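Residues per chain are reported as follows:
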Amino acid sequence: MSFERELHWARVAAHRAAANALRIQRAGVTAETKPDRSPVTIADKEGEMIIAGLLNDHFPDDGILGEEGSATASKSGRQWIIDPIDGTRDFVRGNLLWCVLIGLEVEGEVKVGVAHFPMLQQTWTAARGLGAYCNDTRIQPSNKQAISDSVLMLNVGNKIAKRADSADWLAFLARFWAFRCLGGAQDAMMVSCGQADVWIEPKAEAWDFAAIQVIAEEAGACFMNLKGTRSIWEHSGVVCAPGVEAEVREFLSGVQSE
């Protein structure tokens, strides 16, 4: 089955939600704090409504799952998974790295993904069998064959430092040629297009990973979680260049998945 139509409307929905968020941002925006201590703004809430509404108009039998509470049961075996603003802290502070994430899961497999970064004028897209693109340029991961030659993207400060096995993670970090961290989906996109080589997100949710998984895999990169499976529902995610997959998996096999 081809997913061109789904990809088209996901892309339209992401652009509309982003345009609304930019309008709100220009007028001035403040954030509330959710029970999990993450921020949320009116742009997150309105963006999710815009995306869910448009997708429901065109795919009325599909389910909806959104970070900000949208939850519609599926009648088709398909579910749209939405993060209306990934990087709300960046959005509130006027940084460039926030994006809109939309994925379509079909019977447990993510088939379509869009990651739209309006401030960077980048839209990353993929559908199974169609490849992965940044705007109109097809992407692929690096050809690095060893992590000693690779760039790692990892949020060390507020996630790894709190782990019981933090010393193992820091030792792993030290094996890389270089370390970077911009945060969130941008790191994963950089690995997918060969600008970095390994991205690890040790704690996040399915809406953070759905679009990333299909974009990374269609680019030719590897996606897994800390347990070593491809599931987006294990609260963690890893993207890596195929040449370093074995080293990454060897490390992950010895750490706690939490």
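Data block above holds the structure.
Procedures and definitions
Residues numbered from 1 in each chain as written. Predicted model: local features only at pLDDT ≥ 70, side-chain atom pairs only at ≥ 80, totals over all residues. Heavy atoms only, no water. Helix = DSSP H or I, 4+ residues; strand = E, 2+ residues; numbered from the N terminus. Buried < 20%, exposed > 50% of the residue type's maximum accessible area, 1.4 Å probe, protein only. Lys, Arg positive; Asp, Glu negative; His and termini not counted. Salt bridge = Lys/Arg side-chain N within 4 Å of Asp/Glu carboxyl O. Contact = heavy atoms within 4.5 Å. Pairing = 2+ DSSP bridges. Axes fitted to C-alpha atoms, helices over the stretch in contact; angles between N-to-C directions. Polar contact = N/O pair within 3.5 Å; in protein donor to acceptor, adjacent residues only side chain to side chain.

Draft legend 1. Broad picture of the side chain of E218. Structurally, E218 can be placed in helix 7 (residues 206-219). R128 provides the closest opposite charge to the buried, unpaired E218, separated from it by 4.3 Å. Apart from the residues lying within four places of it in its own chain, the contact partners of E218 are A126, A127, R128, G129, L130, G131 and A132.

Draft legend 2. A look at the sheet that holds strand 12 (residues 178-180). Overall, mixed pairing links the five strands, which are arranged 12-11-13-15-14 in an open sheet. In the strand order of this sheet, the two ends are held by strand 12 and strand 14 (222-224), each with one partner. Each strand axis lies, on average, 15 degrees off the axis of its neighbour in the sheet, ignoring direction. In the sheet, strand 14 pairs with strand 15 (residues 237-240) via three bridges, with the strands oriented antiparallel. From the neighbouring strand, C222 faces strand 15, where its bridge partner is C240.

Draft legend 3. Summary view of the environment of K34. With respect to the element layout, K34 can be found in the loop between strand 1 (32-33) and strand 2 (39-40). You can call K34 buried: its relative accessible area is 17%. Discounting residues that sit within four places of it in the chain, K34 has contacts with P39, V40, E67 and E68. Only 3.3 Å separates the side chain of K34 from the side chain of E68, close enough to count as a polar contact.

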